[in-house]
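# A closer look at the structure
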Amino acid sequence: MIDEVHAYVAEVLLNEIPGAEWTIYKGGKREVRNGETVLKLKGRLQAYPQTIVYSAAIDVVLLGKAVTDRWLFDYVSDKIAKAKVA
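Structure report, in brief. Quick caveat, the model's predicted, so the values are computed rather than measured.

Reading the values: the criteria
Residues numbered from 1 in each chain as written. Predicted model: local features only at pLDDT ≥ 70, side-chain atom pairs only at ≥ 80, totals over all residues. Heavy atoms only, no water. Helix = DSSP H or I, 4+ residues; strand = E, 2+ residues; numbered from the N terminus. Buried < 20%, exposed > 50% of the residue type's maximum accessible area, 1.4 Å probe, protein only. Contact = heavy atoms within 4.5 Å. Phe/Tyr/Trp six-rings, centres within 6.5 Å; stacked < 30°, edge-to-face > 60°. Lys NZ or Arg CZ within 6 Å of the ring centre and 35° of its normal.

For the rest of this paragraph, the subject is the overall build of the protein chain. Of regular secondary structure, the protein chain possesses three helices and three strands. If you list the helices and strands of the protein chain from N to C, you get α-β-β-β-α-α. Seen through its C-alpha atoms, the protein chain measures out along the principal axes to roughly 35 × 30 × 20 Å. Burial status across the protein chain gives 24% buried among its 86 residues. Residue pairs in contact within the protein chain that sit at least 24 positions apart in sequence constitute 44% of those at least 6 positions apart.

The following block contains the structure:
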């Protein structure tokens, strides 16, 4: 289920933001995300759809935190708005 939600978020961002593309993150040797596949939205703006979905799942399962019914919508809307401004 998590992978399907991650794929859906990525697909929405790819369709809504012109020029958005998958890329490999290149950072310093010690950066955790180095070599990870990320979604490049516009300029230096990047999205990590898998991270947001896993974070929400961990909040619910391990921490017992409630996730609002709009968390996914808010995340995607925020990324789209930032990409259109950049």
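As enumerated under the stated definition, the model contains zero aromatic pairs in all. Looking at Arg33, its charged tip hangs above the ring of Tyr48, at a distance of 3.6 Å from the centre.

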